[in-house]
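Chains, contacts and geometry: an overview
Each chain, written out:
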Amino acid sequence: MADNDDWRLQGQDLVLKGKTLYWRQYKAYSDKWKHDHCAFCFEEFNENDSPDTLHEGYTTEDNYHWVCRECFDTFKNLFEWEVGF
Ligand SMILES: [Zn+2]
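Figured I'd write up the structure that's included with this text. (Residues numbered from 1 in each chain as written. Predicted model: local features only at pLDDT ≥ 70, side-chain atom pairs only at ≥ 80, totals over all residues. Heavy atoms only, no water.)

**Thoughts on the overall build of the chain**
Helix and strand counts for the chain come out as two helices and six strands. For the chain, the succession of helices and strands along the chain, N to C, is α-β-β-β-β-β-α-β. What you see for the chain is a C-alpha radius of gyration of 12 Å, in line with the 12 Å of a compact globule of 85 residues. Along the first, second and third principal axes, the C-alpha atoms of the chain reach 35 × 25 × 20 Å. Counting every position in the chain, which comprises 85 residues, the buried fraction comes to 38%. Within the chain, residue pairs in contact and separated by at least 24 positions form 66% of the contacts whose partners lie at least 6 positions apart. As displayed, the chain offers around 5700 Å² of accessible surface, 46% of which is attributable to carbon and sulfur atoms. Charge centroids of the chain, computed over 9 positive and 18 negative side chains, lie 5 Å from each other. (Helix = DSSP H or I, 4+ residues; strand = E, 2+ residues; numbered from the N terminus. Rg over C-alpha atoms; globule rule 2.2 N^0.38 Å. Buried < 20%, exposed > 50% of the residue type's maximum accessible area, 1.4 Å probe, protein only. Contact = heavy atoms within 4.5 Å. Areas by Shrake-Rupley, 256 points an atom, 1.4 Å probe, with all protein chains shown as cover. Lys, Arg positive; Asp, Glu negative; His and termini not counted. Charge placed at Lys NZ, Arg CZ, Asp CG, Glu CD.)

Following this line, the structure appears as structure tokens:
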């Protein structure tokens, strides 16, 4: 269960609250980037197939913000996310 004192909460509600998120294979938002981090816990998403990184996650429609499955489950009620298809 999430609460407002969770260390992972650092103002993400400004950009992520009430958004529709899509479960996708990780793809960098820009050609200049090869990886990204979960918006909450900073777990790494990467396009390579390293076993130490994530390759799928929840993302905003533009692939800009990424959220790992664990953080999605923790914060989905607090952030009122919808899941898009
Ligand atoms: Zn996370």
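Next, the rest of the story.
**Topic: the pattern of salt bridges**
Any two side chains of opposite charge can pair if their charged atoms end up close together. Per the counting criterion, the structure on display carries two salt bridges. A salt bridge links Asp-6 to Arg-8, with the shortest nitrogen-to-oxygen separation between them at 3.0 Å. One salt bridge in this structure joins Lys-76 and Asp-73, with 3.8 Å as the shortest N-O distance. Taken together, the residues Lys-76 and Asp-73, both in helix H2 (residues 69-79) and three residues apart, mark about one turn of the helix. (Salt bridge = Lys/Arg side-chain N within 4 Å of Asp/Glu carboxyl O.)

**Side note on the nonpolar core**
The biggest cluster of nonpolar side chains holds 18 residues, and the ones touching the most others in it are Leu-16, Cys-38, Phe-40, Val-67, Cys-71 and Trp-81. Broken down by element, this core gets its largest block of residues, four residues, from H2. Beyond its immediate sequence surroundings of up to four residues, Trp-81 is in contact with Leu-16, Gly-18, Lys-19, Leu-21, Phe-40, Val-67, Cys-71, Phe-72, Phe-75 and Lys-76. (Core = buried A, V, L, I, M, F, W, Y, C linked by side-chain atoms within 4.5 Å.)

This is a description of form; function is not addressed.
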